[in-house]
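# Architecture at a glance
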Amino acid sequence: MAANLPRRLIVNADDFGRSQSINRAVIQAHQRGILTTASLMVNAPAAEEAIALAREHPCLGVGLHLTLSHGTSALAHSEIPDLVDRERNFSNNAVAAGFKYFALRRCRDQLAAEIAAQFEKFRATGLTLDHVNGHLEFHLHPTVFNILLPNGRKWKIDQMRLTADRFWLNARLAAGRWLYRIIHAIIFHQLAARRVIMLDLSDIRYTENVFGLLQNGLVDENYIRKLLPQLPPGDSELYSHPSLDEFKHEYDALVSPAIREQIERLGIKLIRYADL
């Protein structure tokens, strides 16, 4: 039966609001290309601009890109002293932060308070919450996930990214960085497998396939061109990090007329998380 399902694809941009370059790339890729959704960092330097742009483009699905590493907090240092420095900066060492969040019980209440504050900041924008994911995929961290799930109804979490890129498919599509790709494939396969039943029981929707994790900044036109014919039946997400400077190759891929023509020729329907 699965083989007969239509192929539908969410094309998402992470880090919306992190910079003006990213904001412009997101909107242009949505207007001119295949981008359907974006994940907003509510505490990022260009977040206010991103929010204004999102309001001007209501067809763009906007979700919360929960930030608990490599970014700044919503709450002050005095409220979450074990999470951020006095300038409200989270650690830039994601591995160390992950172990700390798991091992130190005193971090849990602080994480819950910060996560609640980020959801409140998103709610205050007036935007409809299309989905939830995490910067560096921290939403699947055991401690963080166990905060999100019981609060799913209160925070209106209806859709969430279940990050687990297909290693063997990715291996056929791209080369290089094998150690990075193997380690991340193993870690996120285990994380996703442990959470899928919990999401189902909570009626939180997700795509069965997610692509982009193992590319990490290399979601270019060549990769997308090879991926599209191999896209599995059913619903998938492809996420990237388009910008007009650092990752312009990812932006170029999303606005490529050849990629859009290929999607139309293959009969792939572009959707948002809200369409699941």
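Residues numbered from 1 in each chain as written. Predicted model: local features only at pLDDT ≥ 70, side-chain atom pairs only at ≥ 80, totals over all residues. Heavy atoms only, no water.

## Quick look at the overall build of the protein
Filter applied, for reference: In DSSP terms, a helix is any run of H or I states spanning at least four residues, a strand is any run of E spanning at least two, and both are numbered starting from the N terminus. We compute the radius of gyration over the C-alpha atoms and compare it with the globule rule, which gives 2.2 Å times the number of residues raised to the power 0.38. The buried label applies to any residue whose accessible area, calculated with a 1.4 Å probe on protein chains only, is under 20% of its type's maximum; exposed applies above 50%, and partly exposed to all values in between. Residue exposure ignores everything except the shown protein chains as possible cover, and the areas themselves are Shrake-Rupley values with a 1.4 Å probe.
Along its length, the protein carries 10 helices and seven strands. Since a compact globule built from 276 residues should have a radius of gyration of about 19 Å, the 18 Å found for the protein is in line with a globular shape. C-alpha atoms of the protein, sized along the principal axes, occupy 55 × 40 × 35 Å. Buried positions account for 55% of the 276 residues belonging to the protein. With the model as given, the accessible surface of the protein reaches about 12800 Å², and the carbon-plus-sulfur share is 54%.

## Re the packing of helix 1 (residues 20-32) against helix 2 (residues 47-56)
The criterion, for reference: Interaxial angles span 0 to 180 degrees and are taken between N-to-C directions of axes, which are lines fitted to C-alpha atoms, for helices over the stretch in contact. Roughly parallel refers to an angle under 35 degrees, roughly antiparallel to one over 145, roughly perpendicular to one between 65 and 115, and oblique to any angle outside these ranges. Two helices crossing with the near one rotated counterclockwise from the far one by less than a right angle form a left-handed crossing, whereas a clockwise rotation gives a right-handed crossing. By the convention used here, residues are in contact when the closest approach between their heavy atoms is within 4.5 Å. Amino acids outside the nonpolar list (Ala, Val, Leu, Ile, Met, Phe, Trp, Tyr, Cys, Pro) and the charged list (Asp, Glu, Lys, Arg) are all regarded as polar, and Gly is one of them.
Packing of helix 1 against helix 2 leaves a shortest axis separation of 9 Å and a crossing angle of 15°. Between helix 1 and helix 2, the interaxial angle falls into the category roughly parallel. Classified by chirality, the crossing of helix 2 by helix 1 is right-handed. Between helix 1 and helix 2, the residues in contact are Gln20, Asn23 and Ile27 and Glu49, Ala50 and Leu53, respectively. Partitioned by chemical class, the residues of the contact of helix 1 with helix 2 number three nonpolar, two polar and one charged.

## Side note on the environment of threonine 207
Note the following rule: Within 3.5 Å is the distance limit for a polar contact, defined as a pair of N or O atoms, with the added protein rule that one can donate a hydrogen and the other accept it, and that residues adjacent in sequence qualify only through two side-chain atoms.
Residue placement: threonine 207 occurs in the loop between helix 7 (178-201) and strand 5 (209-211). Residues threonine 207 and tyrosine 273 lie 66 residues apart in sequence; the distance between their C-alpha atoms is 8.4 Å. Once residues lying within four places of it in the same chain are set aside, the contact partners of threonine 207 are Ile10, Leu162, Asp235, Ser236, Glu237, Tyr273 and Leu276. Within the structure, threonine 207 has its side chain in polar contact with the backbone oxygen of asparagine 209 (distance 2.9 Å).

## Observations concerning the nonpolar core
Within soluble globular proteins, side chains that are nonpolar generally end up buried alongside one another. Threshold: Definition used in this section: a nonpolar core is a set of buried Ala, Val, Leu, Ile, Met, Phe, Trp, Tyr and Cys residues joined via side-chain atoms within 4.5 Å.
Judged by nonpolar contacts, the single largest core of 79 residues is most densely connected at Phe16, Ile115, Phe119, Leu148 and Ile224. Top element by residues in this core is helix 4 (residues 106-125). It accounts for six residues. Look past the residues within four positions of phenylalanine 119 in its chain and what remains in contact with it is Leu64, Leu129, Val132, Leu148, Trp155 and Ile157.

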